[in-house]
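# Inside the fold
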Amino acid sequence: MKIACLGGGPAGLYFAISMKLRDAAHDITVFERNKPDDTFGWGVVLSDETFENLAKNDPLSAGEIRRHFAYWDDIAVHYRGQKIVSTGHGFSGIARKKLLQLLQQRARGLGIELRFETEIASAAELAKTHDLVVAADGLNSRTRNEFAEHFKPAIETRKNKFVWLGTHQKFDDAFTFIFEETEHGWIWAHAYQFDADTATFIVECADDTWQKFGFGTMSQDENCRACEKIFAKYLGGHHLMSNAAHVRGSAWLNFPRVLCEKWSYENIVLMGDAAATAHFSVGSGTKLAMESAIAMANYLRSEPTMAAAFAKYEDARRTEVLRLQSAARNSLEWFEDVERYLHLDPVQFNYSLLTRSQRISHENLRLRDKKWLEGAEAWFQRLAGAGDNTVRRPMFAPFRLRDMRLKNRIVVSPMAQYKAIDGCPTDWHLVHYGERAKGGAGLVCIEMTCVSPEGRITPGCTGMYAPAHEAAWKRIVDFVHAETDAKICCQLGHSGAKGSTQLGWEEMDAPLQSGNWPVLAPSEIAWSPRNQVARAMTRADMDLVRDQFVASAEMAARCNFDMLEIHCAHGYLLSSFITPLTNKRTDAYGGSLENRMRYPLEIFHAVRAVWPAEKPISVRISASDWVGSDGIEPRDAVEICRILQEAGVDICDVSAGQTSIDARPVYGRMFQTPFSDRIRNETGMATMAVGNIFEPDHVNSILMAGRADLVCLARPHLADPYWTLHAAAKLGDRGEAWPPPYYAGRDQLYRLAGSAEPVPTAV
Ligand SMILES: Cc1cc2nc3c(=O)[nH]c(=O)nc-3n(C[C@H](O)[C@H](O)[C@H](O)COP(=O)(O)OP(=O)(O)OC[C@H]3O[C@@H](n4cnc5c(N)ncnc54)[C@H](O)[C@@H]3O)c2cc1C
Ligand SMILES: Cc1cc2nc3c(=O)[nH]c(=O)nc-3n(C[C@H](O)[C@H](O)[C@H](O)COP(=O)(O)O)c2cc1C
């Protein structure tokens, strides 16, 4: 095959090498506009895993690369006058220039033609004279633009500014992050050694800070001097250097996140940064480029046609690239939002930084640096009031809200059972909640319990509006208090326009086959075209429903529930007041967020007045309607929580969605946790996180990073009422109390768990 590699970066060179190794008969030319040695940038990082892939593909170049590696194991974080060091992270770095020289040398040795100082104006021209054109022309790929209608690129320019500098100051003991507070805001550096006497020093900050410093108007030299001043105490008198002479202006960049719908067109294929970028803070751009080169070379050999090879390449590499891009996105967003975390204690800040991409889990950190993690766990427990010498996972830390003390941070999330008769809980509920309370969770929240018969979602929903309900709930609460040390929370709600619908396991949210009752809502709307149109509430309706909430809260108090949660989420009555999607009122209860919050707040204040002062109240919200800017977005959720916090709500249970049939949620592990994180760290309000959290590792990393105070698990508790006790046994924690009649089962489980080391799982 006659092959042209457009671009002599890691992707172009390594693809040429990989192809030639598979078939020496290929005629390969690499076209590079720069001179062999005038590359931008400083060092690149490669992981052990990438190195193994390189070694399998070409032991010779891998050996040469290894000889020039700088290794380090530690990550050091300078923050608020402290230096925190953790170890076991295993990185290696190499000068970008050296890497390219080694690849150039290897390519020449294999008979690949390298044409430097050759600018290619159009890949289309090359495509006419070559069987295959690999467009490895980097971040600003001209080929990607030339064939934009086929590749369909999406380029997202990220918010922060960064500049890639170098220094002779040694950072050879650790990958080092330095956070400095200046008169213009926070600015930080990512520094790592890549050869005997040079280190990469990437400086990053928010756009606002960058503007205030006036970096954009400085020459590259002036920039270096300004950054030297900021980071003087870490540079030991060494200079910062720029080698971006080929770049016009100050050399500061905004990171462009590149995605392309297609990577190939006819005989042209995109590779490396041209096809997809991964933020420098996860150090994987070169890895992606070189591993894609290997994959493409493999498929061109294994597949019968070039089209088939392209299809396989796109298929196989896209998943890997998306996985990395998702981690990179988490990481870059962490840096964009870093000001949210700058109030954290250095221990928690460091943890948050280390786990920012969500690729490193709690147990994974333990494998890297047990001592550091145990120190962090002890810090967490101490803060939670567990005593000075407690080293346990964060999920087993106590928590206090008003006078309610929880033994741990696990909450059984409210889950409708649809097993009530005329609103009255039955033996089903006694056994169901009793089992979950025995299962080890610190707090068990009962299902949405409705304040009136019309306020029920379905005929099977529980209520708190009749003496029989109060008696039945009291029996359950008494059992939980007598037989377990779990606390129990009563979730009160009103279904609004989503009422009068079928049981959860029938046709959810669909009207009843017969016996529908009229429903209320802030405005005359129907949940869906199939549901009845709700009646817009009058002031008299609002008074009535408020009084119903109050009466239910009084009953819940007499039942001796430990906590109350007001359901303002998921499209039910109070939620439908908050979201503009369903609140179209023109009176004082519609329009601005402040107005839309007015009725839920009236309910809260009325309930708070009758609820015992020593007991907490939570409010559950939908932090996103998942419909874009027409509905509630996370930034609105922050404002909602500021209002709730000011009103005296003790904790926000941060759920999302179910407020509109047009919602387009983005699911994934812990997918709603970022909302809790944002609310907690921007308002200081206590939060509960919920949504696809199912591993102890998820729970521990959420808590330890300060993304929530409590963690709710719903479906995992349907599958396993004993989720907490089982998790403790698996993790080797023996501190959770089992019901005495079950000791024999506990001991057997401990023995079985003890026979194998707890297995850490990736988050
Ligand atoms: C600040 C910063 C820090 C980074 N840190 C790391 C890190 O630590 N680890 C890591 O793995 N990655 C890192 N990267 C990313 C890494 O540099 C890239 O992902 C990697 O270089 C991609 O390789 P590539 O071959 O696709 O593109 P490039 O390395 O950009 O190579 C493209 C080549 O094509 C040439 N070219 C472009 N157009 C033409 C044309 N028309 N004619 C001829 N030649 C052309 C260019 O001159 C260039 O040499 C970092 C990037 C930045 C910006
Ligand atoms: C069967 C079932 C019933 C639910 N009922 C309620 C409810 O009554 N009140 C409520 O606020 N959330 C309810 N939810 C939502 C859960 O509390 C939780 O927010 C959601 O399931 C996401 O958590 P998970 O991924 O751990 O399941 C219910 C969820 C399920 C699966």
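For the structure itself, consult the block above.
Everything numeric here is computed off the predicted structure, so don't read it as measured data.

What follows deals with the sheet that holds strand 16 (residues 264-265). Taken together, six strands build an open sheet; the order of strands is 8-2-1-9-17-16 and the sheet is mixed. With partners counted over all chains shown, the strands left at the sheet margins are strand 8 (113-115) and strand 16, one partner each. Sheet topology places strand 1 (residues 2-6) next to strand 2 (residues 27-31); five bridges connect them, and they run parallel. The residue of strand 2 that forms the bridge with Ile3 is Ile28. Across the face of the sheet, helix 1 (residues 10-22) comes into contact with strand 1, strand 2, strand 8 and strand 9 (132-135) while running at roughly 170° to strand 2.

Of all hydrophobic cores here, the largest spans 115 residues; its most connected members are Phe179, Phe349, Phe561 and Ile621. Here Phe349 is in contact with Val77, Tyr79, Phe179, Trp334, Val338, Tyr341, Leu342 and Leu344, once residues within four sequence places are set aside. Within the second largest apolar cluster, 69 residues are counted, among which are Ile17, Val133, Phe310 and Leu324.

On to helix 1, then. For helix 1, with 13 residues, the first-to-last C-alpha span of 18 Å sits near the 18 Å given by 1.5 Å per residue. For helix 1, the buried fraction is high: twelve of the 13 residues fall into the buried class. Among the residues making up helix 1, those that are buried are Pro10, Ala11, Gly12, Leu13, Tyr14, Phe15, Ala16, Ile17, Ser18, Met19, Lys20 and Arg22.

To continue, consider the sheet that holds strand 4 (residues 70-72). Judged by pairing direction, the sheet is antiparallel, and its three strands sit side by side in the order 3-7-4 without closing on themselves. With partners counted over all chains shown, the strands left at the sheet margins are strand 3 (43-46) and strand 4, one partner each. Geometrically, the sheet is characterised by an average inter-axis angle of 30° between neighbouring strands, direction not taken into account. Looking at chain direction, strand 3 and strand 7 (residues 91-95) are connected through four bridges and run antiparallel. Looking across to strand 7, one finds that Gly43 is bridged to Ala95.

On to the site of ligand 1. As a matter of local geometry, ligand 1 sits amid 33 residues, with Ala11, Glu32, Arg96, Asp273 and Thr286 nearest to it. Contact between ligand 1 and Pro10: an oxygen atom at 3.3 Å from a main-chain N or O atom of the residue. Note that an oxygen atom of ligand 1 is positioned 3.0 Å from one of the side-chain N or O atoms of Tyr192. When grouped by side-chain class, the residues that make up the shell around ligand 1 number 14 nonpolar, eleven polar and eight charged.

Parameters at a glance
- Residues numbered from 1 in each chain as written.
- Chains lettered and ligands numbered in written order.
- Predicted model: local features only at pLDDT ≥ 70, side-chain atom pairs only at ≥ 80, totals over all residues.
- Heavy atoms only, no water.
- Pairing = 2+ DSSP bridges.
- Helix = DSSP H or I, 4+ residues; strand = E, 2+ residues; numbered from the N terminus.
- Contact = heavy atoms within 4.5 Å.
- Axes fitted to C-alpha atoms, helices over the stretch in contact; angles between N-to-C directions.
- Core = buried A, V, L, I, M, F, W, Y, C linked by side-chain atoms within 4.5 Å.
- Buried < 20%, exposed > 50% of the residue type's maximum accessible area, 1.4 Å probe, protein only.
- Expected span 1.5 Å × (residues − 1).
- Near = heavy atom within 4 Å.
- Polar contact = N/O pair within 3.5 Å; in protein donor to acceptor, adjacent residues only side chain to side chain.
- Nonpolar A, V, L, I, M, F, W, Y, C, P; charged D, E, K, R; others polar.

Without other data, these values stay purely geometric and don't point to any function.
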